[in-house]
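Architecture at a glance
Letter by letter, the chains look like this.
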Amino acid sequence: MTKEQFVVTAAQMRDIETRIFAAGMPVAALMEKVAGLISQRLQAIISPGQCVGILAGPGHNGGDALVVARELHFRGYQVWIYQPFSQLKELTSQHFQYAQNLGITCYQEISQIPNCDFLIDGLFGFGLERKITDSIATAINYFNSKNQPIISIDIPSGLHTDTGEVLGTAIQANYTFCLGLWKQGLLQEQALPYVGKAELIDFDISLADIHAVLGNNPQIKRITKTTALSTLPLPRPLITHKYKQGHLLLICGSKRYAGGAILTGLGARASGVGMLSIAVPESLKMLLVSHLPEALIIGCPETETGAIANLPFVGCGSDSEMHLIDLNSFTTIACGPGLTKDSISLIPEIIKCECPLILDADALNILAQLGTIPTLKPRKSATVLTPHTGEFQRLFPNISYTNRIKAVQIAAQESGAVVLLKGARTAISNPQGGVWINPESTPALARGGSGDVLTGLLSGLLAQIINKETVIEDIVATATWWHSQAGILAAETRTELGVDAFTLTQYLLPVLKR
Ligand SMILES: NC(=O)C1=CN([C@@H]2O[C@H](COP(=O)(O)OP(=O)(O)OC[C@H]3O[C@@H](n4cnc5c(N)ncnc54)[C@H](O)[C@@H]3O)[C@@H](O)[C@H]2O)[C@@H](O)CC1
Ligand SMILES: [K+]
């Protein structure tokens, strides 16, 4: 694993820090090193001569900020310090005293503070332990109301390091320089409006210390480009044939939501899957053929409302040659997009299949309605559930939602399935509690049909890779990364308004070329 993949809680970071200090690294030397790296990074963003306001707290986050103040002062920046606390940790206090002796102006009251070009937020880091109140809360709100860009050291002050919750109030940063290892809170959806552009400042924590605290196979991982690309079925073997590249069955669509079936099919197409079969209501058959000529379209008996009533008998010639489609002949099945809840009788049958199964959209709503989550556990092969927030809450009404990472872990454990909780920071968990978090996405993807594209892409990848020695959750993580990167690429060229679900399918393959 690389440093970019590890994710820590405050307690884990504290344990790692304690090991580093116990092994002999002087606390002051580490602060000097970390703050030196922050200062170098700041000099790439802020031009010499500009005015920088440093917000320093009572702990070592404040200590880091005060070292930064000193460095920027000597590099020719105009620096002032806001430090309103009466009690400081010893090292922080020493740096504060030295900064004052250097003649850097220090303020205790916001009423005295002049304007500046940038604010550096070193009020609180992972040591924040309670709600911010009184004059500090007022100060944070004041700095947020100013127009200066704010750069937070480690984590925007006021955010809970693990859950990303706002404790009273919090700095709304434009940039966050996370120190050493990614803090879990920065990858929680609720932290997003406060974090800005986040980057990791690597200060050389040894892998031995990381593994000693997180274990050899850490539970929570951040998806990176490198890990995502390494799971793709590329390059293809020189000698192969279509059935060796997976046979995927999509069960989707209805008269009402015909487009859902097409988008799922186009997502699967981009995955490169060898054989694609799509079961849709009989009346949609020709429509699907016209959009996906390479796919085998299976027309199904319909309900009165135009939903799939049941899977059909297929074959040719006399009735005696007809047989029910054999679900176990596919390498993977995905079911749900555009189905409507009228396909209710379908789901209990499909769950019995022995190949990997992805359930999405109305398949999840039907599961919730039938209360059949427990029936997933005895399945002989992997199950992947891909709910968005609303579907998740219907499926798992008793799971608290404040900490999405915890919520998805509990859902996976309860269902025995891999659960992918969609959102601005999609989180994926396996039943053993292993979590993958997608650190980048775009609000351009908040559009009808983009989830259908993900289901197609994911199931097409699973169908191809499932028999190789790849962990299923790694493939789910890869599909999630690929899908969001396509959204980001499309939004770059077409703006955030220009990423309809069909357009999204056209940007999937260019992501790999990039
Ligand atoms: N100096 C070093 O060697 C290193 C320092 N690091 C920095 O150290 C930080 C952690 O330092 P600390 O453990 O000192 O913690 P913090 O600097 O985050 O803050 C802890 C201090 O804030 C006080 N406090 C907590 N909640 C409060 C509230 N609501 N209102 C008022 N006061 C409150 C505590 O009593 C304590 O004095 C990291 O975030 C990082 O910036 C790390 O990057 C690793 C290396
Ligand atoms: K901070």
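Here is what the cut-offs are and how they apply
Residues numbered from 1 in each chain as written. Chains lettered and ligands numbered in written order. Predicted model: local features only at pLDDT ≥ 70, side-chain atom pairs only at ≥ 80, totals over all residues. Heavy atoms only, no water. Salt bridge = Lys/Arg side-chain N within 4 Å of Asp/Glu carboxyl O. Helix = DSSP H or I, 4+ residues; strand = E, 2+ residues; numbered from the N terminus. Buried < 20%, exposed > 50% of the residue type's maximum accessible area, 1.4 Å probe, protein only. Core = buried A, V, L, I, M, F, W, Y, C linked by side-chain atoms within 4.5 Å. Pairing = 2+ DSSP bridges. Axes fitted to C-alpha atoms, helices over the stretch in contact; angles between N-to-C directions. Phe/Tyr/Trp six-rings, centres within 6.5 Å; stacked < 30°, edge-to-face > 60°. 1 Å grid on protein atoms, 1.4 Å probe; cavity = no way out; pocket = protein on both sides within 12 Å on 5 of 7 lines; lining within 4 Å. Points joined across faces, edges and corners; volume = space filled by probe spheres on them. Nonpolar A, V, L, I, M, F, W, Y, C, P; charged D, E, K, R; others polar.

Looking at an unreviewed UniProt entry, the protein chain carries the name Bifunctional NAD(P)H-hydrate repair enzyme, with the source organism given as Aphanizomenon flos-aquae FACHB-1249.

Remarks on the pattern of salt bridges
The final tally for this structure, using the stated rule, is 18 salt bridges. A salt bridge links Glu 4 to Arg 222; the shortest N-O distance between them is 3.0 Å. Of this pair, Glu 4 sits in the segment before strand S1 (7–8) while Arg 222 is found in strand S10 (residues 220–222), placing the two residues 218 residues apart along the sequence. Its relative accessible area of 32% is what places Glu 4 among the partly exposed residues. A relative accessible area of 12% means that Arg 222 is categorised as buried. The shortest N-O distance in the salt bridge between Arg 75 and Glu 71 comes to 3.1 Å. Owing to a relative accessible area of 41%, Arg 75 belongs among the partly exposed residues under this scheme. Beyond isolated ion pairs, a larger network of salt bridges with shared partners links Glu 32, Arg 70, Glu 71 and Arg 75.

Regarding the nonpolar core
Residues Leu 276, Ile 278 and Leu 288 are the most contacted members of the largest nonpolar core, which totals 57 residues. Mapped onto this core, the elements with two or more residues apiece are strand S11 (247–251), helix H9 (258–271), strand S12 (275–281), strand S19 (418–421), helix H15 (450–465), helix H16 (472–494) and helix H17 (501–513). Looking at this core element by element, the count peaks at 11 residues for H16.

Section: the sheet that holds strand S5 (residues 118–122)
Hydrogen bonds along the backbone pair up the strands of a sheet, which may run parallel or antiparallel. The strand order across the open sheet formed by 7 strands is S4-S3-S2-S5-S6-S7-S9, and the pairing between neighbours is parallel. Across the chains shown, the open sheet's two edge strands, defined by having one partner strand only, are strand S4 (105–107) and strand S9 (197–201). Neighbour to neighbour, the strand axes of the sheet diverge by 20° on average, direction disregarded. Taken together, the 3 bridges between S5 and strand S6 (residues 150–153) define a ladder with parallel strand orientation.

A short note on the packing of aromatic side chains
One pass over the structure, following the stated rule, counts 6 aromatic pairs. Between Trp 80 and Tyr 107, the aromatic rings sit 5.9 Å apart at their centres with planes inclined by 85°, giving edge-to-face as the arrangement. Here Trp 80, found in strand S3 (residues 78–82), pairs with Tyr 107, found in strand S4; they are 27 residues apart in sequence, far enough to count as distant. Taking relative accessible area as the criterion, Tyr 107 reaches 15% and is therefore assigned buried.

Regarding empty space enclosed by the protein
For the coordinates displayed, the defined rule picks out 1 cavity of 30 Å³ or more. Quantified by volume, the largest cavity comes out at close to 40 Å³. Classifying every residue of the lining of the largest cavity gives 7 nonpolar, 2 polar and 1 charged.

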